[in-house]
Amino acid sequence: MAKSIKLRAKAKDGVATVKCLISHPMETGLRKDKKTGKPIPAEFIQEVVCESGGKTVLGAQWGSAISKNPFLSFKFSGAKSGDSIKISWVDNKGNSDSHEGKIK
Amino acid sequence: MNHNRRTLLKGSLAAGAVGAAVSAGLLTPRTVMAAWSKAAFEAKDVNAALTGAMGSADAATSDQIKLKAPDIAENGAVVPITVTSKIDGTTNMSILVATNNTPLTSTYELGPNTQGYISTRVKMAKTSDVIAVVKAGGKLYSTKKEVKVTIGGCGG
């Protein structure tokens, strides 16, 4: 699951705006395969954690009702350009990925 | 000369191994936050979901929360939702879709510097109220908005 996260973070007047896109199927487990009629097993992200400068900024818990290829945006203060920012996720199958970038 | 080269190679190999171990250790967000609340996400009605996610279902309506969502969603699989809370000391936020099979879509735990702003995209099975619930100072506040869905987002 490498490189599943696209991350953009921009600081303006001490407030960082973070936008991230994760590529993930987010299967609910309710859909059926049209050819075989068998249900497609659930596969969705359960936890997303964002850290900046070693501190947790946002902890998110997701259910299967978040759209495919999830988008998440949030803001936090006390940030400056060049600070590190890290996003990581774990899904219900135990897959995970993380990405570290810098605030612009 | 040759000897120096060996040492350099050894050194960089060791550093690489340590780096790999550190990043492997950091790949587990489970250690830093509360466990995923299965009961809340599998609850079939709004009150049960709220109790599981926020500890209570008793939320006062507040106009300090802004819920931005489309009036009509053409595609229920991707409905953009933005929640902005102007209440001081907002610590948690949840987004629910009332008539979804499992209403709770997501819940967020905000850090001390994090502002009351979350934007994401959710799936909606049919026309429903979208409810944003905010926890500030141990109390719950909520606001809702109806979104009409023309094509269902769940079940293809």
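Nothing here was measured: the structure is a model prediction, and the numbers come from that model.

A.B. asks: Can you help me understand the overall build of chain B in this one?
C.D. replies: Counting secondary structure elements, chain B contains three helices and nine strands. Along chain B, helices (α) and strands (β) appear in the sequence α-α-α-β-β-β-β-β-β-β-β-β when read from the amino end. Here chain B holds 156 residues, and the buried ones make up 40% of them. A total of about 8400 Å² of accessible surface is found on chain B, and carbon and sulfur atoms cover 56% of it.

A.B. asks: Whenever I open this one, helix α3 (residues 46–54) of chain B confuses me. Can you help?
C.D. replies: Along an α-helix, a turn takes 3.6 residues, which lines up residues three or four apart on a common side. Residues and elements named next belong to chain B. Residues of α3 that are buried include every one of Val 46, Ala 49, Leu 50 and Met 54, and no others. End-on, the buried residues of α3 take up no more than an arc of 100 degrees, which puts them together on one face. The secondary structure elements touched by the buried residues of α3 are α2 (38–42), β5 (90–97), β6 (104–110), β8 (128–136) and β9 (139–149). Looking one or two residues past α3, Gly 55 carries a phi angle of roughly 90 degrees, positive in sign.

A.B. asks: Would you mind showing me how to read a positive patch on the surface here?
C.D. replies: All names here are of chain A. Together, Lys 6, Arg 8, Lys 10, Lys 12, Lys 19 and Lys 104 give the surface a local cluster of positive charge. Here the element with the most residues in the positive patch is strand β1 (residues 5–12); it accounts for four residues. As for its position among the elements, Lys 10 is in strand β1. What makes Lys 10 exposed here is its relative accessible area of 59%.

A.B. asks: Sorry if this is basic, but what is going on with the pattern of salt bridges here?
C.D. replies: A side chain of one charge can pair with a side chain of the opposite charge when the charged atoms of the two come close. Residue and element names in this part refer to chain A. Here the structure, examined in full by the defined rule, presents five salt bridges over all chains. The shortest N-O distance in the salt bridge between Glu 43 and Lys 93 comes to 3.7 Å. In this pair, Glu 43 sits in the loop between β2 (15–22) and β3 (45–52) while Lys 93 sits in the loop between β6 (84–91) and β7 (96–102), placing the two residues 50 residues apart along the sequence. Overall, Glu 43 belongs to the buried group, its relative accessible area being 16%. Under the relative-accessibility criterion, Lys 93 is labelled partly exposed at 46%. When the shortest N-O distance is used, the salt bridge between Lys 80 and Asp 83 registers 3.4 Å.

A.B. asks: Explanation requested: the interface of chain B and chain A in the structure shown.
C.D. replies: By a widespread convention, an interface's size corresponds to the accessible area lost as its parts come together. Taken together, the contacts link 35 residues of chain B with 39 residues of chain A. Interface area for chain B against chain A, summed over the two sides, is near 3200 Å², with a carbon-plus-sulfur share of 53%. Our count for the contact surface shared by chain B and chain A stands at zero salt bridges. Counting every contact that joins chain B to chain A gives 17 residue pairs in polar contact (both at pLDDT 80 or more). Those elements that provide at least two residues to the side of chain B that touches chain A are β6 and β7 (114–122) of chain B. The leading source of residues in the side of chain B that touches chain A is β7(B), at eight residues.

A.B. asks: It is not clear to me how the side chain of B:Ser62 should be interpreted in this structure. Could you clarify?
C.D. replies: All names here are of chain B. Its place among the elements puts Ser 62 in the loop between β1 (59–61) and β2 (65–68). Within the structure, the side chain of Ser 62 is placed 3.0 Å from the backbone nitrogen of Gln 64, a separation counted as a polar contact. Those residues within four positions of Ser 62 in sequence are excluded, and the remaining contacts are Ile 87, Tyr 141, Ser 142 and Thr 143.

A.B. asks: Quick question: what am I supposed to make of the sheet that holds strand β5 (residues 71–77) of chain A here?
C.D. replies: By way of backbone hydrogen bonds, the strands of a sheet pair with one another, either parallel or antiparallel. Spatial strand order, β1(A)-β2(A)-β5(A)-β7(B)-β4(B)-β2(B): six strands in an open sheet with antiparallel pairing. Each end of this open sheet is capped by a strand with a single partner; those strands are β1 of chain A together with β2 of chain B. Between one strand axis and the next, the sheet turns through 10 degrees on average, direction left out of account. As defined by bridge partners, β2(A) adjoins β5(A) across seven bridges and the pair is classed as antiparallel. Across the sheet, the residue bridging to A:Val15 is A:Ser77, located in β5(A).

Criteria and cut-off values
Residues numbered from 1 in each chain as written. Chains lettered and ligands numbered in written order. Predicted model: local features only at pLDDT ≥ 70, side-chain atom pairs only at ≥ 80, totals over all residues. Heavy atoms only, no water. Helix = DSSP H or I, 4+ residues; strand = E, 2+ residues; numbered from the N terminus. Buried < 20%, exposed > 50% of the residue type's maximum accessible area, 1.4 Å probe, protein only. Areas by Shrake-Rupley, 256 points an atom, 1.4 Å probe, with all protein chains shown as cover. Arc of directions from axis to C-beta. Contact = heavy atoms within 4.5 Å. Patch = residues over 30% accessible without salt bridge, like charges linked within 9 Å, V, L, I, M, F, W, Y side chains within 5 Å. Salt bridge = Lys/Arg side-chain N within 4 Å of Asp/Glu carboxyl O. Lys, Arg positive; Asp, Glu negative; His and termini not counted. Charge placed at Lys NZ, Arg CZ, Asp CG, Glu CD. Buried area = accessible area lost by both parts, 1.4 Å probe. Polar contact = N/O pair within 3.5 Å; in protein donor to acceptor, adjacent residues only side chain to side chain. Pairing = 2+ DSSP bridges. Axes fitted to C-alpha atoms, helices over the stretch in contact; angles between N-to-C directions.

Purely geometric stuff here, so don't read any function into it on its own.
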